[in-house]
Amino acid sequence: MIKIPKEFFPKFECDLIRLGNQHDGGYVVSKKSIENSKQLITFGLSNDWSFESSYSLMTNNKISCYDLSVNNFYWIKDFIKSLIKILLCDQIKKNLKNLFIFFEYKNFFRGKNFHFKKFIFPLENRKNSYKPNEITDLNEISKNTEDEFYLKIDIEGAEYRILDQIIKNQNLICGLSIEFHDFDIHIELIKKFIGSLDMEIVHIHVNNFGILNKYSIPSVVEISFAKKDFIDLKTSNIKSYPLELDKPCNMNYKDDDISFY
């Protein structure tokens, strides 16, 4: 059984929905947070925009994604890798689909949906290897919007560098989903962040691609937050985790039960 400190247990009832695919890339979120948002901002893209696609179908709002790594070289490398696997008869159906995923990407990111090839990193920090036009941060993005947005973050550990910016700009954020990497060694830092956030945890899910430490505490955890206006603060949550809405990120293994201590 997986163990997580009780401070991370979602305390109150909330109307939840799942956006995105049925494995890694899908998140369970507050329905009202999505419905009340005017746009979606996401940090981290890779080759999976199923969350963004679900959001678009539900709201038809503007979507802005930020990921410097998804560039022309990324797509060429991805194409060659899929082609080699097909020639080696390795997961042919999956890799045939991957051959055409670039065209799906180009079709989705047009009109009101934008992919900005930028790395999320505090602008006041030193950044030797990046050009100025390759970097942005939440403070800079928030300057250019007056609309409340839902924020989704999966940036492989860089999330810790912008936690203070999330707190600073939380008046514009109606909901938030973050994948925390190295969760087991950053628990106290995340607790401090939660304590400064005027939102409530509405969902928690363990990404089973991550490992467990010797105390059975996971290394990768997905947490969704919502404004208190979108939560039933009069009704305590008594659910057990994972929920039916949860799906294993690694489909080869089931999600283990979570014990909150």
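Anything mentioned here points back to the structure above.
Keep in mind that this is a model prediction, so the values were computed, not measured. (Residues numbered from 1 in each chain as written. Predicted model: local features only at pLDDT ≥ 70, side-chain atom pairs only at ≥ 80, totals over all residues. Heavy atoms only, no water.)

A. Looking closely at the pairing of strand β3 (residues 16–19). Side chains of β3 alternate between two faces, with L16 and R18 and I17 and L19 buried alike. For β3 and strand β4 (residues 27–30), the ladder comprises 4 bridges, and the chain directions are antiparallel. For I17, the partnering residue across the bridge sits in β4 and is V29. (Buried < 20%, exposed > 50% of the residue type's maximum accessible area, 1.4 Å probe, protein only. Helix = DSSP H or I, 4+ residues; strand = E, 2+ residues; numbered from the N terminus. Pairing = 2+ DSSP bridges.)

B. Highlighting helix α3 (residues 72–87). With 16 residues, α3 extends 23 Å from end C-alpha to end C-alpha; this agrees with the ideal 22 Å at 1.5 Å per step. Every buried residue of α3 is accounted for by Y74, W75, D78, S82 and I86. When α3 is viewed along its axis, its buried side chains cluster within an angular range of 100° and face the same direction. Structural note: α3 exposes N72, F73, I76 and L87 on the side pointing more than 90 degrees away from its buried face. The N-capping residue of α3, defined by a side-chain oxygen 3.3 Å from the backbone nitrogen of F73, is N71. Once α3 finishes, C89 follows within two positions and takes phi at roughly 60°, a positive value. (Expected span 1.5 Å × (residues − 1). Arc of directions from axis to C-beta. Polar contact = N/O pair within 3.5 Å; in protein donor to acceptor, adjacent residues only side chain to side chain.)

C. Molecular detail of the nonpolar core. Core analysis: the biggest nonpolar cluster contains 47 residues, and F8, F43, L151, I166, L176 and F193 have the highest contact counts within it. Per-element accounting of this core gives the leading share, 5 residues, to strand β12 (residues 199–206). For L151, the residues in contact, after removing those within four places along its chain, are I41, F43, L138, I166, I173, G175, L176 and S177. (Core = buried A, V, L, I, M, F, W, Y, C linked by side-chain atoms within 4.5 Å. Contact = heavy atoms within 4.5 Å.)

D. View of the packing of aromatic side chains. Under the defined criterion, the tally for this structure stands at 24 aromatic pairs. An angle of 20° between the planes, with centres 5.8 Å apart, marks the rings of F119 and F121 as stacked. Of the aromatic side chains, those joined through ring pairs into one cluster are W49, Y74, W75, F102, F103, Y105, F108 and F109. (Phe/Tyr/Trp six-rings, centres within 6.5 Å; stacked < 30°, edge-to-face > 60°.)

E. How the structure looks around the sheet that holds β12. Reading across the sheet, the 7 strands line up as β7-β6-β5-β10-β11-β13-β12 and stay open at both edges, with mixed pairing between neighbours. A strand with exactly one partner marks an edge of an open sheet, and here the two such strands are β7 (113–116) and β12. Taken pair by pair, the neighbouring strands of this sheet meet at an average axis angle of 15°, ignoring direction. Pairing between strand β10 (residues 149–153) and strand β11 (residues 173–181): 5 bridges, direction parallel. Along β11, the bridge assignment pairs F149 with I173. (Axes fitted to C-alpha atoms, helices over the stretch in contact; angles between N-to-C directions.)

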